[in-house]
Protein chains: 2
Amino acid sequence: MKRIDVVGFGPGDDRHMTYQAREAIEKADVIIGYTTYIRMLERYFPTASFMDTPMTKEIERCRMAVSLAEEGKRVALVSSGDAGVYGMAGILLQILEKEGKDIPVEVIPGVTAANAGAAMLGAPLMHDYAVISLSDRMTPLEDIMRRVEYAAMGDFVLALYNPKSRKRTEYLGMAAERIGKYRSGRTPVGIVRHAGRPEAQMCLTTLEKLGDAFVDMFSIVIIGNSKTYVKNGRMITPRGYESKEAF
Amino acid sequence: MKRIDVVGFGPGDDRHMTYQAREAIEKADVIIGYTTYIRMLERYFPTASFMDTPMTKEIERCRMAVSLAEEGKRVALVSSGDAGVYGMAGILLQILEKEGKDIPVEVIPGVTAANAGAAMLGAPLMHDYAVISLSDRMTPLEDIMRRVEYAAMGDFVLALYNPKSRKRTEYLGMAAERIGKYRSGRTPVGIVRHAGRPEAQMCLTTLEKLGDAFVDMFSIVIIGNSKTYVKNGRMITPRGYESKEAF
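Values in this document were obtained by computation on a predicted structure and should not be read as measured data.

A.B. asks: What should I look at first to understand the interface of chain B and chain A in this one?
C.D. replies: Often the size quoted for an interface is simply the accessible area lost on bringing the parts together. Counting from both sides, the interface comprises 74 residues of chain B and, opposite them, 74 residues of chain A. With both sides pooled, the region where chain B packs onto chain A buries about 7100 Å², and carbon together with sulfur makes up 57% of that total. Inspection of the region where chain B meets chain A yields six salt bridges. E97 of chain A serves as the salt-bridge partner of K231 of chain B, at 3.4 Å between the closest nitrogen and oxygen. For the pair chain B and chain A, the interface holds 36 residue pairs in polar contact (both at pLDDT 80 or more). Sorting elements by how many residues they give to the side of chain B that touches chain A places helix α4 (residues 89-99) of chain B first, with nine residues. Considering only residue class, the side of chain B that touches chain A consists of 34 nonpolar, 20 polar and 20 charged. For strand β7 (residues 129-133) of chain A and strand β7 (residues 129-133) of chain B, the ladder comprises three bridges, and the chain directions are antiparallel. From the neighbouring strand, Y129 of chain A faces β7 of chain B, where its bridge partner is V131 of chain B.

Structure follows, in structure tokens:
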């Protein structure tokens, strides 16, 4: 069946996968993804047919998906988290549109890292938040930092994707500095590595210490707003109930 | 078993529920939620034991959950979407912390409306985005509008929760006006009613026409950034691949 499902399979653990994501993967003739994600999925779908490419080969993966779909295959193009958040949904739709291909596509949403990480930390995203990727592979660094500042000025909670990679080690400290212009150095920050996976690790720190924290490309960083606090190891952003009613 | 799971069950359709959310609901002695959500869940869990309260009774629902857990019950406190995004996670943790209650709590993430809506529209959240609730039940209106403006200045895609209710009909038009100070009136806007549910409806419009669009309390509104476009009925925010490589 000529068809591409763009599937967000959640953090990587099958417990956080939706029923629709699992069904799309099970029904696919072939599942295409970034090598690391395919390794995760192989555990849960031992008999499925997988194809993978290295990390930066998004366009190649889309072309593989398109060409297999055109042969009449049902393809699942997978991203961890939500395929529509820094995932494969946009690039696939752009390619189909530019090349005038008429292939049925469904985007299947998943639990994105901000939500999986927040659940482990407590409830840091209970009020308005901004999602920002610190990767400058496709966005100029100054544009990213400008967004970080506007989010800080607007007192948004920030969820930072791709906070560091082997090559980009300075940007997180830079972002913390920009945010520090508008927010206390004692603002709580939660870092979750491998959010929602069995090997997950989390740590709580503050904005002023964020530059020194252990953060890598598998981490999501959540920076509180001016009202966020930590109590009993949980990071909480109040929504405002406490001002209306006494507990 | 004395325990509370705060469960985000996704948009409402069981296909978008995660395995962990379903398991938490199935294993619960009692499931507590807002009446409308409980009606949705009863279809999928016909033998489960439910308790519900009307919409604004969040604190009462938390107290019910705490008191049942203290009797030794396993409770699932449910929110649609993600329980950590304008859901029940924060308020429950705040109550437990203020009252010094020692009850094991797990927050189980789900697919939030921004992601469910985006998947139906195409790929509008492929670049940095801000999530803002237009409900002024717990936040002063001017604070909300200030955030809307900062998000617009930072060229974030915006995902607006609670865009309208029976009482609040003016705020969405007001937000569109504020955004229009920084972004073209022709900026694409996607509106999804009942995102991710069988009865879902979607519509594409523009920022200048948003004030006249049919939007209600079951809708999520996604406003593109300066690069978002619509082609073949899909709303796409490019991530930047097209500038690096020719398709």
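A.B. asks: How do you make sense of the packing of helix α3 (residues 58-70) of chain A against helix α4 (residues 89-99) of chain A when you look at a structure like this?
C.D. replies: Any two packed helices are characterised by the angle at which their axes cross and by the distance between the axes. Residues and elements named next belong to chain A. Here α3 crosses α4 at 60 degrees, and the two axes come no closer than 10 Å. With respect to α4, the element α3 is oriented oblique. Handedness of the crossing formed by α3 with α4: right-handed. Contacts between α3 and α4 involve I59, C62, R63 and V66 on the former and, on the latter, I91, L92, I95, L96 and E99. Taken together, the residues that form the contact of α3 with α4 break down as seven nonpolar, no polar and two charged.

A.B. asks: Sorry if this is basic, but what is going on with the packing of aromatic side chains here?
C.D. replies: Considering all chains together, one arrives at seven aromatic pairs over all chains under this definition. Sitting above the plane of the Y19 of chain B ring, R22 of chain A keeps its charged end 4.8 Å from the centroid. In this arrangement the basic side chain of R147 of chain A is found over the ring face of F156 of chain B, its NZ or CZ atom lying 5.7 Å from the centre.

A.B. asks: So what exactly am I meant to see when it comes to the UniProt feature "domain: Tetrapyrrole methylase" (unreviewed entry) in chain A here?
C.D. replies: Mapped onto the present numbering, the UniProt feature "domain: Tetrapyrrole methylase" (unreviewed entry) falls on residues 6-210 of chain A. Taken end to end, residues 6-210 of chain A comprises 36% helix and 22% strand; its first and last C-alpha atoms sit 34 Å apart.

A.B. asks: Even after reading the chapter, I still don't get the relation of the copies chain B and chain A, so can you show me in this structure?
C.D. replies: Put simply, the second copy of the chain is the first one after a rotation about an axis and a shift along it. Between the two copies, chain B and chain A, the superposition gives an RMSD of 0.0 Å; the rotation angle is 180 degrees and the shift along the axis is 0.0 Å. Here the symmetry operator amounts to a two-fold rotation axis. Here 100% of the contact residues of chain B are again contact residues in chain A; the copies associate through an equivalent surface.

A.B. asks: Mind showing me how you'd approach the sheet that holds strand β3 (residues 50-53) of chain A here?
C.D. replies: In a beta sheet, neighbouring strands are held together by backbone hydrogen bonds and run either parallel or antiparallel to one another. Residue and element names in this part refer to chain A. The strand order β3-β2-β4-β1-β5 describes an open sheet built from five strands, whose pairing is parallel. Edge positions in the sheet fall to β3 and β5 (105-108), since each of these pairs with one other strand and no more. Each strand of the sheet is rotated relative to its neighbour by a mean of 20 degrees, with strand direction disregarded. As judged from the six bridges shared by strand β1 (residues 3-8) and strand β4 (residues 74-79), these two strands associate in the parallel manner.

A.B. asks: It is not clear to me how the environment of I103 of chain A should be interpreted in this structure. Could you clarify?
C.D. replies: Residue and element names in this part refer to chain A. Looking at the secondary structure, you find I103 in the loop between α4 and β5. With 99 residues separating them along the chain, I103 and I4 place their C-alpha atoms 7.2 Å apart. Apart from the residues lying within four places of it in its own chain, the contact partners of I103 are K2, R3, I4, V66, A69, E70 and L96.

A.B. asks: What is the right way to look at the packing of helix α6 (residues 141-153) of chain A against helix α7 (residues 171-180) of chain A in this model?
C.D. replies: Residue and element names in this part refer to chain A. Contact geometry for α6 and α7: axes closest at 9 Å, N-to-C directions at 35 degrees. Pair α6 / α7 crosses with right-handed handedness. The residues of α7 that touch α6, namely those facing L141, E142, M145, V148, E149 and A152, are Y171, M174, A175, R178 and I179. Taken together, the residues of the contact of α6 with α7 sort by class into eight nonpolar, no polar and three charged.

A.B. asks: Teacher, can you tell me more about the pattern of salt bridges here?
C.D. replies: When charged atoms on two side chains of opposite charge get close, those side chains can pair. For the coordinates displayed, the defined rule picks out 40 salt bridges over all chains. What you see here is one network of salt bridges that share partners, running through R3, D5, R74 and E106 of chain A.

A.B. asks: For this particular structure, what's the right way to read the side chain of T112 of chain B?
C.D. replies: Examined against the element boundaries, T112 of chain B turns out to sit in the loop between β5 (105-108) and α5 (113-121). Classification of T112 of chain B by relative accessible area gives buried; the value is 2%. Excluding anything up to four places from it in sequence, T112 of chain B contacts N115 and Y129 of chain A together with G81, D82, V85 and Y161 of chain B.

A.B. asks: What is the right way to look at the confidence of the model for chain A in this model?
C.D. replies: As a general rule, the predicted coordinates of low-pLDDT regions are not to be interpreted in detail. The predicted model of chain A has a mean per-residue pLDDT of 94, with 97% of residues at 70 or higher. Two summary scores accompany this predicted model of the complex, namely pTM at 0.96 and ipTM at 0.96.

Each value, and the rule that gives it
Residues numbered from 1 in each chain as written. Chains lettered and ligands numbered in written order. Predicted model: local features only at pLDDT ≥ 70, side-chain atom pairs only at ≥ 80, totals over all residues. Heavy atoms only, no water. Contact = heavy atoms within 4.5 Å. Buried area = accessible area lost by both parts, 1.4 Å probe. Salt bridge = Lys/Arg side-chain N within 4 Å of Asp/Glu carboxyl O. Polar contact = N/O pair within 3.5 Å; in protein donor to acceptor, adjacent residues only side chain to side chain. Helix = DSSP H or I, 4+ residues; strand = E, 2+ residues; numbered from the N terminus. Nonpolar A, V, L, I, M, F, W, Y, C, P; charged D, E, K, R; others polar. Pairing = 2+ DSSP bridges. Axes fitted to C-alpha atoms, helices over the stretch in contact; angles between N-to-C directions. Parallel < 35°, antiparallel > 145°, perpendicular 65-115°, else oblique. Left-handed = near helix turned anticlockwise from the far one by under 90°. Phe/Tyr/Trp six-rings, centres within 6.5 Å; stacked < 30°, edge-to-face > 60°. Lys NZ or Arg CZ within 6 Å of the ring centre and 35° of its normal. UniProt positions renumbered as here; feature names shortened; annotations may be inferred. Least-squares fit on C-alpha atoms with pLDDT ≥ 70 in both. Buried < 20%, exposed > 50% of the residue type's maximum accessible area, 1.4 Å probe, protein only. pLDDT = per-residue confidence, 0-100.

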